[in-house]
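One-letter residues, chain by chain:
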Amino acid sequence: MNDFTPAPAMIDPFGRSISYLRVSVTDRCDFRCVYCMSENMSFLPKQDLLTLEELDRLCTVFVDKGVQKLRITGGEPLVRRDIMTLFRSLSRHLVSGRLEELTLTTNGSQLGKYASELADCGIRRINVSLDTLDAAKFRKITRWGDLDKVLAGIDAAQAAGIAVKLNAVALKGVNEDEVEDMIRWSHDRGIDITFIEVMPMGDIEPDRFDQYWPLSHLRARLLDQFTLDDIDYRTGGPARYVSVRETGGRIGFITPMTHNFCESCNRVRITCTGTLYMCLGQDDAADLRSPLRASANNDALSRAIDAAILRKPKGHDFVIERTTQRPAVARHMSVTGG
Ligand code: SAM
Ligand code: SF4
């Protein structure tokens, strides 16, 4: 234990305190999930990316400004070369008590390799994205993924003492018939499972309307087999939870489409090129790479962050309709991460 007093959080124009930073460390990935990426993605030239040292410096400035929770994401964060160097160096903020939590969102493909090192760096909880337990379907959704490798990764994480939460995107006609099995499978392993509504981000080949399955429908379907009790449990993210009487486990619902949760938004996101997005569903952004590189001291960078937080919008306005063919924002989810 230590007696470090956290810095006061940054406050946006709507009085929300910003204590949570998500950092996309790469836009690349070893999968090509059909709702996330097109098959032929073009990625950023590697020289445009912030170095791991620059990412560390940027995160540290946010910690200095009151960020208490840091989530590393991507693309697939664990495919970035030498990524453990970043986890290792950021873990000093856990040790000092300035950071409450260092975590990541991953597709799980590299967890077999990295789980114990992540645990060593103080990672206590991770989110693993998994939309099906059927190997053939998994390959179809991810285009390139291998289900067994992901399941082995989840085992490795749990064996290393890391709590796993599953994130599953609700996909109409794809995993609809499986949600009860996925819930039982997760809860048998002591894993919470959160369902997410598909969001209209970036151009992809399939029609979003064909993928979109509102969680109100998913929840209604669950009532045939489960008794759900609303609970106050929160993890700092946008999920609303229920507990399941039959399994004793928890289910989360992330409903950007059917229920806008922006009023309690406590987070901002930076991309691997140092662009700060104040909202996942809006295009306004601030370039932090220029002030970061312009000076070895952090004054200009800190001012750029303060100015950006003052522009944080009230919320997103995602819509998915057959007639709305354009995505709400042009960038793919893999740019800002989840
Ligand atoms: N590659 C890692 C993974 O899959 O967990 C981290 C990045 S991925 C962009 C983060 C999360 O965003 C995943 O859970 C993924 O399912 C979700 N996601 C990607 N595109 C989405 C979309 N258009 N709508 C909703 N969720 C999406
Ligand atoms: Fe990769 Fe994650 Fe996007 Fe799937 S959801 S393509 S694993 S970044």
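The shown structure was predicted, so the numbers you read here are calculated from the model rather than taken from an experiment. (Residues numbered from 1 in each chain as written. Chains lettered and ligands numbered in written order. Predicted model: local features only at pLDDT ≥ 70, side-chain atom pairs only at ≥ 80, totals over all residues. Heavy atoms only, no water.)

### Description of the nonpolar core
At step 1: Core analysis: the largest hydrophobic core is formed by 96 residues, its most contacted members being F62, F87, L118 and I251.
At step 2: Per element, the largest residue contribution to this core is seven residues, and it comes from helix α1 (residues 52–64).
At step 3: With near-sequence residues (within four places) excluded, F62 lies in contact with M10, L21, V67, V268, I270, L276, L288 and I305. (Core = buried A, V, L, I, M, F, W, Y, C linked by side-chain atoms within 4.5 Å. Buried < 20%, exposed > 50% of the residue type's maximum accessible area, 1.4 Å probe, protein only. Helix = DSSP H or I, 4+ residues; strand = E, 2+ residues; numbered from the N terminus. Contact = heavy atoms within 4.5 Å.)

### A closer look at the site of ligand 2
At step 1: Around ligand 2, the neighbouring residues are C29, F31, R32, C33, C36, M37, G75 and N107.
At step 2: Each residue belonging to the shell around ligand 2 can be placed in one class, and the counts come to five nonpolar, two polar and one charged. (Near = heavy atom within 4 Å. Nonpolar A, V, L, I, M, F, W, Y, C, P; charged D, E, K, R; others polar.)

### Here's the deal with the packing of α1 against helix α2 (residues 83–96)
At step 1: Interaxial distance between α1 and α2 falls to 10 Å at its minimum, and their mutual angle equals 25°. With respect to α2, the element α1 is oriented roughly parallel. Viewed along their axes, α1 and α2 form a crossing whose handedness is right-handed. The segment α1 lies against α2, with L52, L55, D56, C59, T60 and V63 engaging I83, T85, L86, S89, L90, R92 and H93.
At step 2: Among the residues making up the contact of α1 with α2, the classes are represented as seven nonpolar, four polar and two charged. (Axes fitted to C-alpha atoms, helices over the stretch in contact; angles between N-to-C directions. Parallel < 35°, antiparallel > 145°, perpendicular 65-115°, else oblique. Left-handed = near helix turned anticlockwise from the far one by under 90°.)

### Structural notes on the site of ligand 1
At step 1: Taken together, 18 residues lie near ligand 1, and Y35, G75, T106, S129 and M199 sit nearest.
At step 2: Between ligand 1 and G75, the relevant distance is 3.0 Å, taken from a nitrogen atom to a main-chain nitrogen or oxygen of the residue.
At step 3: Residue T106 places a main-chain N or O atom 3.2 Å away from an oxygen atom belonging to ligand 1.
At step 4: Among the secondary structure elements, those contributing two or more residues to the shell around ligand 1 are β5 (101–106) and β7 (163–170).
At step 5: Along the lines of polarity and charge, the residues of the shell around ligand 1 split into six nonpolar, nine polar and three charged. (Polar contact = N/O pair within 3.5 Å; in protein donor to acceptor, adjacent residues only side chain to side chain.)

### Some remarks on the sheet that holds strand β14 (residues 285–287)
At step 1: One open sheet accounts for twelve strands, arranged β9-β10-β11-β8-β7-β6-β5-β4-β3-β12-β13-β14; its pairing is mixed. Each end of this open sheet is capped by a strand with a single partner; those strands are β9 (228–230) and β14. Taken pair by pair, the neighbouring strands of this sheet meet at an average axis angle of 25°, ignoring direction.
At step 2: Summarising the sheet, strand β6 (residues 125–129) and β7 pair through five bridges and their orientation is parallel. Following the sheet pairing, R125 is matched in β7 by A163.
At step 3: Strands β6 and β7 of the sheet are contacted by helix α5 (residues 147–159), whose axis makes an angle of about 150° with β7. (Pairing = 2+ DSSP bridges.)

### Points about the packing of aromatic side chains
At step 1: The final tally for this structure, using the stated rule, is two aromatic pairs.
At step 2: Relative to Y241, the ring of Y233 lies with its centre 4.9 Å away and its plane at 80°, an arrangement referred to as edge-to-face.
At step 3: Residue Y241 is classed as buried on the basis of its relative accessible area, which comes to 2%.
At step 4: Its end group placed over the ring of Y233, R250 keeps NZ or CZ at 3.6 Å from the ring centre. (Phe/Tyr/Trp six-rings, centres within 6.5 Å; stacked < 30°, edge-to-face > 60°. Lys NZ or Arg CZ within 6 Å of the ring centre and 35° of its normal.)

### Quick notes on the pattern of salt bridges
At step 1: What the rule picks out here adds up to 14 salt bridges.
At step 2: Between D306 and K65 there is a salt bridge whose closest N-O contact spans 2.7 Å. Placement of the pair is D306 in helix α10 (residues 299–309) and K65 in the loop between α1 and β4 (69–73), with a sequence separation of 241 residues.
At step 3: Its relative accessible area of 35% is what places D306 among the partly exposed residues.
At step 4: Among the ionic pairs, R245 bridges to D229, the shortest N-O distance being 2.9 Å. Linking R245 in the loop between β10 (240–244) and β11 (250–254) with D229 in strand β9, this pair joins segments that are 16 residues apart in sequence.
At step 5: For R245, a relative accessible area of 59% corresponds to the exposed category.
At step 6: Exposure remark for D229: the relative accessible area of 23% places this residue in the partly exposed category.
At step 7: Salt bridges sharing partners connect three or more residues here, namely K69, E101 and R125. (Salt bridge = Lys/Arg side-chain N within 4 Å of Asp/Glu carboxyl O.)

### Quick word on unusual backbone geometry
With the exception of glycine, the majority of residues adopt a negative phi angle, and the majority of peptide bonds are in the trans configuration.
At step 1: Phi at D82 takes a positive value of approximately 65°, unusual for a residue other than glycine.
At step 2: Along the chain, the position of D82 falls in the loop between β4 and α2.
At step 3: In the Ramachandran plot, R143 falls in the positive-phi region, its phi being about 65° despite a non-glycine side chain.
At step 4: With respect to the element layout, R143 can be found in the loop between α4 (135–142) and α5.

### Some thoughts on the environment of R184
At step 1: Locating R184 in the fold gives a position in helix α6 (residues 179–188).
At step 2: Residue classification places R184 among the partly exposed positions, given a relative accessible area of 33%.
At step 3: C-alpha separation for the pair R184 and E246, spaced 62 residues apart in sequence, amounts to 9.3 Å.
At step 4: The residues contacting R184, other than those within four sequence positions of it, are Q225 and F226.

### Considerations on α5
At step 1: With 13 residues, α5 should reach 18 Å at 1.5 Å per residue; the first-to-last C-alpha distance of 18 Å fits that figure.
At step 2: Buried within α5 we find L147, V150, G153, I154 and A157. Along α5, the residues classed as buried sweep out an arc of 120° about the axis, all on the same side. Opposite the buried face of α5, at more than 90 degrees from it, the exposed residues are D148 and A159.
At step 3: The N-cap of α5, judged by a side-chain oxygen 3.1 Å from the amide nitrogen of D148 a few residues on, is D146.
At step 4: G161, located one to two residues past α5, shows a positive phi value of around 90°. (Expected span 1.5 Å × (residues − 1). Arc of directions from axis to C-beta.)

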